[in-house]
Structures are given as structure tokens and as C-alpha cells.
There are 2 protein chains.
Amino acid sequence: MDFHLLKNVVVPAQTRIVMLVLDGLGGLPGPNGKTELETAHTPHLDALAARSELGLLDPVAPGIAPGSGPGHLGIFGYAPLQYEIGRGVLEALGIDFELTAKDVAARGNFASVDAAGLLTDRRAGRISTETNRELVQLLRTIKIPGVEIFVETVKEHRFVFVMRGAGLGDALTETDPQRIGVPPLPVKALDAKSRKAARVANQFVAQARQLLADKHPANMILLRGFAKHPAIPSYAEVFGLRAAAIAVYPMYRGIAKLLGMQTLPVDGETFADELTTLEKYWNDFDFFYLHVKKTDSAGEDGDFARKVQVIEQVDAQMPRLLALKPDVIVVTADHSTPSLLKSHSWHPVPVLLHSPFVRADGIAEFGERACARGSLGRMRAQELMPMVLANAQRLTKFGA
Amino acid sequence: MDFHLLKNVVVPAQTRIVMLVLDGLGGLPGPNGKTELETAHTPHLDALAARSELGLLDPVAPGIAPGSGPGHLGIFGYAPLQYEIGRGVLEALGIDFELTAKDVAARGNFASVDAAGLLTDRRAGRISTETNRELVQLLRTIKIPGVEIFVETVKEHRFVFVMRGAGLGDALTETDPQRIGVPPLPVKALDAKSRKAARVANQFVAQARQLLADKHPANMILLRGFAKHPAIPSYAEVFGLRAAAIAVYPMYRGIAKLLGMQTLPVDGETFADELTTLEKYWNDFDFFYLHVKKTDSAGEDGDFARKVQVIEQVDAQMPRLLALKPDVIVVTADHSTPSLLKSHSWHPVPVLLHSPFVRADGIAEFGERACARGSLGRMRAQELMPMVLANAQRLTKFGA
């Protein structure tokens, strides 16, 4: 689906859409022969499934395990291979840093090096966020002629590094060698346009190392994911939607902001807290993206039982979501994170699409194998949004 | 599927293909929980389904509700986004008007305006076809230097307007504002090549208004869908088929002609009459497109029961079609028109593919949910024709 076609058929409507994304929801069978989602007791999701169209989505393409960026872009309706979001950009947006077109952002880690300058810990023993803040104050004293430098605490050992200035490219190699026992790497420019940025970044690292010399375990920094703000058309522009994001974790708010969604404040960290925000802002937006992180975290930890539990906690809260009577409800994931693999995987993700205008499959179960039998079939994730818009009666006929 | 590949594997054969298109067949569940097609008593289609491969087709793309043009292009094997057919061209072809490369055609409506020139009825109270013919005689007296003008009655308030001449582009805005209480709009050229055509069209409208001044309710005209004949490769060229169209309604004969199909005369308006034509010309063609309009009309009227009835009438006649022993039978639709929505919709259409060489799904029901379980899966409509040709043993192996 190209956006040109979509823009030509989008029409205004009063309908409201909720897209609930359970991060890393897709799983693999455990010893009981069932996946985490199939194991979980989910009476509300199952009842909703019976009144929905079900299917399986490939977030990027069959066989491809997506990162959070491309995974979300796919279910948000964008071609993940066309729009790349660098890690640095995601991190910066996630802490509400306002990136400009002149910025190159990178994800920074405090790290430990020995006397010979070899890495001993790529995360500096996961120092506290408080210590991080103190060290960031120190790094902010670094001045480099011709550019503005920003350093912002994220959490624990993580910070955001931003260079702002004319003529900064982002075709840069990373300093993190991804293993210990070796020194950090220098930043190299991969094209002529990025030479100035490479020089600035290397100067910054050199000065940071001097300033942090006596701050072990945080006596070094690593920079990766150098990236500029990508030009991505917004939800308003492409889909005609006033979109809001309800997400607790910075990266997901960051992705949403990139697409022009307004990020709403959540008082707390649970799905119940997110629903309170949803209820509060219900009349102010057309599209709500709700993000649940803990399904993915449990999968990454290889904790099958905890992933089941998180899914059941979400299910228990579904009546609050349903009580708002959204015109369209989507429940899906940005990628699979099977406990068996302890990582993002390539497996397609289950999807449930409900509206008054679906040909319900009548399959009273929300699970991977149930979804494989659904009428949506197996689709690219980016094909979902046009169907969501159609079900929200926000698309008019194409052609005579 | 690109045509380049297809052209290289097409081989001649003696087989015959029937593609039965029930316009707007796809539906949505009514109060009984079943769609129109699922509700209809269709013993012959059900029996054929049991011996067929079933699936769901997206005529253009998931979520997109197609007009009749793109809907038909898809099931006919063409990329609907690549070949656009303007409304004016469809209307002209539908009345057997022979368009040339120098023509720009538009759909015309007789309309009513008040003394201030504001539209009061965009269809002139649906005047009789007879009155239309008289008024068209009047409009034919309009002469504009440098171009030839053609005006042809279609039906009731509708006519075709054609400008023929050198240097006429079709990037033109419409005069129909799509609502009443406002004046008709002037035609504007959207590119330099279309300026002459815009001038001619505006002159024609101005003169038409004077000529029709005392002909209320038909005292004005509206023009829309300005278009030139698109360059579309023919069925003979792409598929190696001698193709015939059996359709009662002008627009569908028009689409078929655009693809080089020969349109056959039908004595009457029913499906039974179309079958009489099919029987008569059975030995003269390789491919027959049969079109049934009334499924769509009933859907557009929101008449669930009538749509069920039309489907049952078609089913009752199926033995005549089967008696001809086509090598390949396809039953499908150009788009869905659920009675619930009273309009074309985005829902994928059911498809049934029968030949001696199918892996029959053994599902003895032709319905949307039954097709969702079929082995064709969910496909783009344009992927159907290569499978139809293969089943007709009209494609040879690709590659060594």
C-alpha cells in the first residue's frame, strides 16, 4: 500500500480506534505444547476474538526478527524497510528531547575500562540513575567549536548524546565493540558528509575519558546508533488521524512521537494505569496506541510463566477498554519474543481486528494457532492499518 | 505477477474458461449471523465448491473499497493501481462509443438549477431516457472551433460527452460539486497540456446552459470523470485468450472492451438470458466473462433479502453453465457490497476455482467464511488469472 493511494481515499469520521500492542506477544510452545498466549487464561480476549477477524502478521517480512523500531513501524502502517529509525533517535525522542533537522543523536553507555584502556564492563556495573545524572553534568562541560553538544540521562548506565550543527551526517560507525577485553573503537565516517560529525564525536569521547578518569566503574563512554531524525509522514498526514500514544517506556513514546502521535502522561506503570489515561483522554483523539512492555521483558528473560501472567493481567483489565466502546479494536504485537528463545524472533504475531463491520471468524480463542485459521490470513503488518481505517469508516472508494 | 513473465509462459490450448462475476457479491452478517451468500440456498454452487479450491481475494489491496473499474481490473489479472480507467472512458465504452487516442470523454448528468444558478437537483429528477435523447439532440448543435464534440445518451439523466481533437489533455477538474445549493464548478486544467480541453469544456457548458434555459428540470449539465482511453494490454496479448464478455450493463461491457474482449449481444436482462448467449457462442471463444449486476444493486439498496434472492436465482441456473463442461470455472466478485453498508466495501471477495486439476478443499459451501478456510488463502485478485490460465493448461514451465 503506498501512501499516495491512501491519502487519496482517507476521509474524516467521528470513529475511535484502539490499538493495543502487547510487546513481544508472539511465542513458542512450552513443555505443555502451548504458547504463552495459548496457555494464558484470557476469557475476555477469547470472547472478543469470537467477534473479530483473526490473522497472523509478519512485522517486516517472513523470517525477519524485527527490532522495536521496524516492528512498530509495520503495525503502525509504515514500510519498515523504507523508514529506518536509528537507535540514537529513538532514545532521544523517548526522553522528550526535541530533535531538530541539524541533530545527530547517539545512544550512550557509561562503561568500565582498565588501566590499559580495555573494556571490562560495557554497562559500568549498571550505575544508578542518580550517579548517571552527576556524570552527565560533568560531560556537559565539554565544549567543541562549531557545534552544540547535548548530553541527557536516560536510566542507569544509559544516556543520549546529541551533536547539533550545520553539515553533520549520520553515516558513522559505533564505538561499542560489543565485547569486553578490547578497547572502544574510534568513530569512522562512512561518507564524506559525515566526516565532521565523526571528528566531533571522537573529540567528545577523548575529553569524556579524561573527565571520567577517576570515576570508575563509569570511567569511559560508548556511543552507538548515530542517527538523524528521519523524515516520516505523520499519522495526521497519512491517515487523517489525531493519534495519541499511551506508553510507559521511553522508546515507545519516542516511536509514537516520530509519527506525530501525542504522548499522554501515565500516572503509574501498569496497564490499569494506562487505561486510566485512556479513559481520561477518550474524547480528545481518534486513535489510541496502548503499549504493554512486560510481555516482552518476560520473554527476553525466558520466563514463560511470567509472560503468561502478564497476558492474564492484561486480559483481566479488558472490560475497562471495552466499556469505552471503541469503534475499532486491534490487539497485536510488534514482534514475537518466545520465552524459549529469550529474544525477539521472526515468528508472525497474532492479530485480532474487531469492529461492527467484520465478518467474525467465530473462533473463540486468541492464540497463535487460532489466528492462523483466521480470515485475515497471513499478512504483512503494514497492510493492517488500511483495514483498520476501513473498519473505522475512514476510507472512501477508490476509482470509478 | 508481471506480464513479462506471463507472456513468456503462455501457450495455446483448446480449453475454455468461464469467469462468473457476481457484482458486489461479498457481504456482511445480517441479524441471522450469516452473510447474504451464506444465507442463500445454493445447492449447485455448494456442490461445485466441494470440488473446487476456495479463497478470499482483495480486489485492489486490503482495506481498499474498489470502484467497478479497479475491482474488475484486479480479477481480470491487471494491477489496478497501474491501470487507471476514468469514469468518462467507462461510460463511453459502455454505450459502444468508439474512443480514439485524440478523445477526452466525460460522464455528463442533466441537472436542475434555480434562477440564481444554484444546483437544486444533481440528476434533474431522473428525467426519462426519451427526454434525454431530445435534449442531447439540442446539445449536439453546439459547435466549438478546433474540436469535434460528441454527446450521447446513456440512460435517464446520464449522457457521455466527448471532445475530439489534437492537444487535448485529461487532467481536468469536475464541474459537479457533489452537493446542491451551490453553483456548478468551472473546469480547471491541472497541467499545461489540458488547458485547451478545459477551455473547450467550459465553452460547451456555457452554451449548454443557454440552450437548456427553458428545459427545467434539465436546465443545466454537470461533467465529471474526464479521461482519455488508457493504454492497457489486451487479453489476447497478455493471456493469449480469445475473450468474450456477456454483460447487460454498459459499464461492464466497457471495461471488457478496454481489455480487448468481444462483447456479445444478450437478448434480455437476466442471467438465464446471458447463459443463452454463452451457449450460442460457446465454440467461438476461449474465455467468457459473465457479469451479474443485481447482487450489487440489492446490496447498494441495503436489501439483504433481495440480494439473497438474486444469488439463489443464479444458483438455480448453474446447471446450464455446468452442462457446457468448461475446463475452468471461476465464481467470484469485483468487490463486496454488504447490505449492511449499502455501498462497495473493502471486504475481500469469495472465490471458487474449479478445474480437473485442483486440489479440492472438500468444503461443500460457497460462502465468505467457508472461503476463508480454503486453500487459495487470502490473495490479491490480480494473482488469480495466472492460476486460472494454469488450470486451463495454458501456461508452460518457467525456467529450465
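Source: prediction; values computed, not measured.

Here is what the cut-offs are and how they apply
Residues numbered from 1 in each chain as written. Chains lettered and ligands numbered in written order. Predicted model: local features only at pLDDT ≥ 70, side-chain atom pairs only at ≥ 80, totals over all residues. Helix = DSSP H or I, 4+ residues; strand = E, 2+ residues; numbered from the N terminus. Rg over C-alpha atoms; globule rule 2.2 N^0.38 Å. Domains from an automatic or database assignment. Contact = placed C-beta atoms within 7 Å. Nonpolar A, V, L, I, M, F, W, Y, C, P; charged D, E, K, R; others polar. Pairing = 2+ DSSP bridges. Buried ≥ 20, exposed ≤ 12 C-beta atoms within 10 Å, placed from the backbone. Arc of directions from axis to C-beta. Axes fitted to C-alpha atoms, helices over the stretch in contact; angles between N-to-C directions. Parallel < 35°, antiparallel > 145°, perpendicular 65-115°, else oblique. Least-squares fit on C-alpha atoms with pLDDT ≥ 70 in both. Core = buried A, V, L, I, M, F, W, Y, C linked by C-beta atoms within 7 Å. pLDDT = per-residue confidence, 0-100. Left-handed = near helix turned anticlockwise from the far one by under 90°.

Student: How do you make sense of the overall build of chain A when you look at a structure like this?
Tutor: From N to C terminus, chain A includes 14 helices and 13 strands. The C-alpha atoms of chain A give 22 Å as radius of gyration, which agrees with the globular expectation for 400 residues (21 Å, within 12%). Each principal axis of the C-alpha distribution contributes one length, and for chain A these read about 65 × 55 × 40 Å.

Student: How do you make sense of the domain arrangement of chain A when you look at a structure like this?
Tutor: When the parts of a complex come together, some accessible area is lost, and that lost area is often used as the size of the interface. All names here are of chain A. Split into domains, chain A comes out as domain 1 (3–85 + 232–391) and domain 2 (90–227). Counting residues at the interface gives 9 residues for domain 1, matched by 6 residues for domain 2. Broken down by element, the side of domain 1 that touches domain 2 gets its largest block of residues, 7 residues, from helix α9 (residues 250–258). Looking at the side of domain 1 that touches domain 2 residue by residue, the classes come out as 5 nonpolar, 2 polar and 2 charged.

Student: For this particular structure, what's the right way to read the sheet that holds strand β9 (residues 262–263) of chain B?
Tutor: The strands making up a sheet associate through hydrogen bonds between their backbones, and the pairing can be parallel or antiparallel. Residue and element names in this part refer to chain B. Across the sheet, 8 strands lie side by side as β9-β8-β10-β1-β11-β12-β2-β13; this open sheet has mixed pairing. Strand pairing shows two members of the sheet lacking a second neighbour, β9 and β13 (377–380), which therefore form its edges. Examined bridge by bridge, strand β1 (residues 17–22) and strand β11 (residues 328–332) share 5 bridges and lie parallel to one another. Across the sheet, residue isoleucine 17 finds its bridge partner in β11, namely valine 328.

Student: Honestly, the environment of Glu383(B) in this entry has me stumped. Any pointers?
Tutor: Considering the arrangement of structural elements, one finds Glu383(B) in the loop between β13 and α14 (384–391). Given 15 C-beta atoms within a 10 Å radius, Glu383(B) is considered partly exposed.

Student: In this structure, what is going on with α14(B)? I would like to understand it.
Tutor: Owing to its 3.6 residues per turn, the α-helix aligns residues three or four sequence positions apart on the same side. Residues and elements named next belong to chain B. Extensive coverage of α14 is indicated by the burial of 6 of its 8 residues. Listed as buried for α14 are Leu384, Met385, Met387, Val388, Leu389 and Asn391. Immediately downstream of α14, the backbone of glutamine 393 shows phi near 55°, a positive value.

Student: Is there a simple way to explain the pairing of strand β7 (residues 220–227) of chain A in this structure?
Tutor: On a regular strand, one side chain projects to one face of the sheet and the next to the other, so that they alternate. Residue and element names in this part refer to chain A. Most of β7 is tucked away, with 8 of its 8 residues classed as buried. Of the strand pairs in this sheet, strand β3 (residues 103–113) and β7 are connected by 6 bridges, and their pairing is antiparallel. Each bridged residue has a counterpart across the sheet, and for phenylalanine 110 the counterpart in β7 is isoleucine 221.

Student: Is there a simple way to think about helix α10 (residues 271–280) of chain A in this case?
Tutor: All names here are of chain A. Where α10 is concerned, the buried positions are Phe271, Glu274, Leu275, Thr277 and Leu278. Projected down its long axis, α10 carries its buried residues within an arc of 155°, all on one side. Those residues of α10 that are buried lie in contact with β8 (243–246), β10 (287–292) and α12 (304–323).

Student: Looking at this model, I keep getting lost on the interface of chain A and chain B. Mind explaining?
Tutor: At the interface, 20 residues of chain A touch 31 residues of chain B. Per element, the largest residue contribution to the side of chain A that touches chain B is 4 residues, and it comes from helix α14 (residues 384–391) of chain A.

Student: Honestly, the sheet that holds β8(A) in this entry has me stumped. Any pointers?
Tutor: Here 8 strands make up an open sheet; going across it, the order is β9-β8-β10-β1-β11-β12-β2-β13 (chain A) and the pairing mixed. Strands at the two margins of the open sheet, each flanked by one partner only, are β9 (262–263) and β13 (377–380) of chain A.

Student: Is there a simple way to explain the packing of helix α5 (residues 87–94) of chain B against helix α9 (residues 250–258) of chain B in this structure?
Tutor: Packed helices, taken two at a time, are described by the angle between their axes plus the distance between the axes. Residues and elements named next belong to chain B. Where α5 meets α9, the closest approach of the two axes is 7 Å, and the angle between their N-to-C directions is 100°. Comparing the axis directions of α5 and α9 gives the class roughly perpendicular. Between α5 and α9, the residues in contact are Leu90, Glu91, Leu93 and Gly94 and Pro250, Met251, Arg253, Gly254, Ile255, Lys257 and Leu258, respectively. Class assignment for the residues of the contact of α5 with α9 results in 6 nonpolar, 2 polar and 3 charged.

Student: Looking at this structure, how should I read unusual backbone geometry?
Tutor: Trans is the common state for peptide bonds, and a negative phi is the common state for residues other than glycine. Residues and elements named next belong to chain A. Proline 217 follows histidine 216 through a cis peptide bond whose omega is 10°. For proline 217, the position within the fold is in the loop between α7 (195–211) and β7. Positive phi is not limited to glycine here, since lysine 342 has a value of about 55°. Assignment of secondary structure puts lysine 342 in the loop between β11 (328–332) and β12 (349–354).

Student: What should I look at first to understand the relation of the copies chain A and chain B in this one?
Tutor: Relating one copy of the chain to the other takes a rotation about an axis and a shift parallel to that axis. Mapping chain A onto chain B calls for a rotation angle of 123° and an axial translation of 0.2 Å; the resulting RMSD is 0.1 Å. On the angle and the small slide along the axis, the relation comes out as a three-fold axis. Interface residue correspondence from chain A to chain B reaches only 5%, placing this contact among heterologous pairings that use different surfaces.

Student: I tried to follow the nonpolar core on my own but got confused; where do I start?
Tutor: Note that soluble globular proteins tend to have their nonpolar side chains buried in a common cluster. Residues Ala105(A), Ala201(A), Ile246(A), Tyr289(A), Val330(A), Val351(A) and Val388(A) are the most contacted members of the largest nonpolar core, which totals 132 residues. What Ala105(A) contacts, discounting residues up to four positions off in sequence, is Gly88(A), Val89(A), Glu91(A), Ala92(A), Leu99(A), Val160(A), Phe161(A), Val162(A) and Ala227(A). Core analysis: the next-biggest nonpolar cluster, separate from the first, contains 120 residues, Ala243(B), Phe285(B), Ile311(B) and Ile363(B) among them.

Student: I would appreciate a short explanation of the environment of Tyr281(B) in the present structure.
Tutor: Residue and element names in this part refer to chain B. Within the secondary structure, tyrosine 281 is located in the loop between α10 (271–280) and β10 (287–292). Looking at tyrosine 281, the number of C-beta atoms within 10 Å reads 15, which means it is partly exposed. Separated by 17 residues in sequence, tyrosine 281 and leucine 264 place their C-alpha atoms 8.3 Å apart.

Student: What is the right way to look at the confidence of the model for chain A in this model?
Tutor: Where the model shows low pLDDT, its predicted coordinates should not be examined in detail. Per-residue pLDDT for chain A averages 96, and the proportion of residues at 70 or more is 100%. Scoring the predicted complex yields pTM 0.88 and, for the interface, ipTM 0.87.

Student: Please clarify how the environment of Glu274(B) should be interpreted in this entry.
Tutor: All names here are of chain B. Its place among the elements puts glutamate 274 in helix α10. A sequence separation of 27 residues divides glutamate 274 from alanine 247, and the C-alpha atoms of the two residues are 7.3 Å apart. Beyond its immediate sequence surroundings of up to four residues, glutamate 274 is in contact with Ile246, Val266 and Leu290.

Student: Quick question: what am I supposed to make of the packing of α10(B) against helix α12 (residues 304–323) of chain B here?
Tutor: All names here are of chain B. Look at α10 against α12: their axes get within 10 Å of each other, and the N-to-C directions meet at 15°. Here α10 lies roughly parallel to α12, going by the angle between them. The two elements α10 and α12 meet at a crossing, and its hand is right-handed. Between α10 and α12, the contacting residues are Phe271, Ala272 and Leu275 on the first element and Gln313, Val314, Gln317, Arg320 and Leu321 on the second. Residues of the contact of α10 with α12, tallied by class, amount to 5 nonpolar, 2 polar and 1 charged.

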